[in-house]
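Per-entry structural report
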Amino acid sequence: MHGGSVCANYPFDGFEQQSRCQREASVTPDDDVAIDLALTYSINNPEMYNSNSFDNGITNGAEWYCLYGGMQDWNYVWMGDVELTMELSNVKNPAASQLAGFWEDNRESLLAYLEKVHMGVKGRITSAATGEPIVAEITVKGREDFVAYSEETFGDYFRLLLPGTYTVIVTAPGYSSASQTVTVYEGEPTVLDIKL
């Protein structure tokens, strides 16, 4: 969360070729998800949503201004996280006495944003032979540039996706890959456990 403007900023903030900064959108393979998350936040914050500077209070980072080395791009590319930057005040460093007002302005937005965790596919990746969890890469056909990962303790993974039908591909060193077509519905995650 930042100060300096009032909007929900979604990745990418820059371009693969850093010399290309033309105030145009730099979209991720999950642009639809990022826009949905940003709108979820802004719709619940009237000042943000009714912005005179940003349509519906949201902006693609590079379309606003280019930034290289930012957390939301790094986390998307290297950690498999969809991260947004919420700009909450036109004043860069507002007074501490305004914090309660910021909480009131953003409480519903934060709650609605948190509820989006129930959007997409989740499950466990385990060994068919031993039942042990596997650290694996999870990609979606047509969105291969974004990789989600299962964690090592339980093999849990979560992949944010909007409602629709997708082919999920799971790969791990030393195992045959697996793919399965799955339908994602509104309001609750689709459970897809995979044994490799």
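Residues numbered from 1 in each chain as written. Predicted model: local features only at pLDDT ≥ 70, side-chain atom pairs only at ≥ 80, totals over all residues. Heavy atoms only, no water.

Bringing the overall build of the protein into the picture now. In terms of regular secondary structure, the protein is built from five helices and eleven strands. Reported as C-alpha extents along the three principal axes, the dimensions of the protein are approximately 60 × 40 × 30 Å. Of all 196 residues assigned to the protein, the portion counted as buried reaches 44%. Within the protein, contacts between residues separated by at least 24 positions form 66% of all contacts whose residues are at least 6 apart in sequence. Counting every atom, the protein has about 10,800 Å² of accessible surface; 51% of that belongs to carbon and sulfur. Averaged over its 11 positive side-chain charges, the protein has a centre that lies 3 Å from the centre of its 28 negative ones. (Helix = DSSP H or I, 4+ residues; strand = E, 2+ residues; numbered from the N terminus. Buried < 20%, exposed > 50% of the residue type's maximum accessible area, 1.4 Å probe, protein only. Contact = heavy atoms within 4.5 Å. Areas by Shrake-Rupley, 256 points an atom, 1.4 Å probe, with all protein chains shown as cover. Lys, Arg positive; Asp, Glu negative; His and termini not counted. Charge placed at Lys NZ, Arg CZ, Asp CG, Glu CD.)

Turning next to the pairing of strand 9 (residues 178-184). Looking along a regular strand, one sees side chains alternate from face to face of the sheet. Strand direction decides the pairing type here: strand 8 (residues 164-171) and strand 9, joined by seven bridges, are antiparallel. Pairing of Tyr166 across the sheet is with Val182, part of strand 9. (Pairing = 2+ DSSP bridges.)

The next point concerns the sheet that holds strand 3 (residues 85-89). The three strands lie next to each other as 2-1-3, forming an open sheet whose pairing is mixed. Only two strands of the sheet have a single partner each, and these edge strands are strand 2 (58-60) and strand 3. The average undirected angle you get between the axes of adjacent strands in this sheet is 25 degrees. Looking at chain direction, strand 1 (residues 5-10) and strand 2 are connected through three bridges and run parallel. What sits directly across from Ala8, in strand 2, is Ile58. (Axes fitted to C-alpha atoms, helices over the stretch in contact; angles between N-to-C directions.)

This paragraph deals with helix 4 (residues 71-79). Listing the buried residues of helix 4 in full gives Gln72, Asp73, Asn75 and Tyr76. Across the axial projection of helix 4, the buried residues extend over an arc of 170 degrees, all falling on one side. Turned more than 90 degrees off the buried face of helix 4, the exposed positions are Met71 and Trp78. Contacts made by the buried residues of helix 4 are with strand 1 and strand 3. Just beyond helix 4, the residue with positive phi is Gly80, at close to 75 degrees. (Arc of directions from axis to C-beta.)

Below, the discussion takes up the nonpolar core. Among the nonpolar cores identified, the biggest contains 39 residues, and Ile125, Val170 and Leu196 are the most heavily contacted of them. Those elements that place two or more of their residues in this core are strand 1, helix 1 (31-43), strand 3, strand 4 (120-126), strand 5 (137-140), strand 7 (156-160), strand 8 and strand 9. The element contributing the most residues to this core is helix 1, with five residues. In this structure, Val170 is in contact with Ile125, Ala136, Glu137, Ile138, Ser177, Ala178, Ile194 and Leu196, ignoring residues within four places of it in sequence. (Core = buried A, V, L, I, M, F, W, Y, C linked by side-chain atoms within 4.5 Å.)

A few words now on the environment of Glu104. Relative to the assigned elements, Glu104 resides in helix 5 (residues 99-115). What makes Glu104 partly exposed here is its relative accessible area of 46%. When the C-alpha atoms of Glu104 and Asn56 are compared, they prove to be 20 Å apart, with 48 residues separating the residues in sequence.

Nothing here speaks to function; it is geometry throughout.
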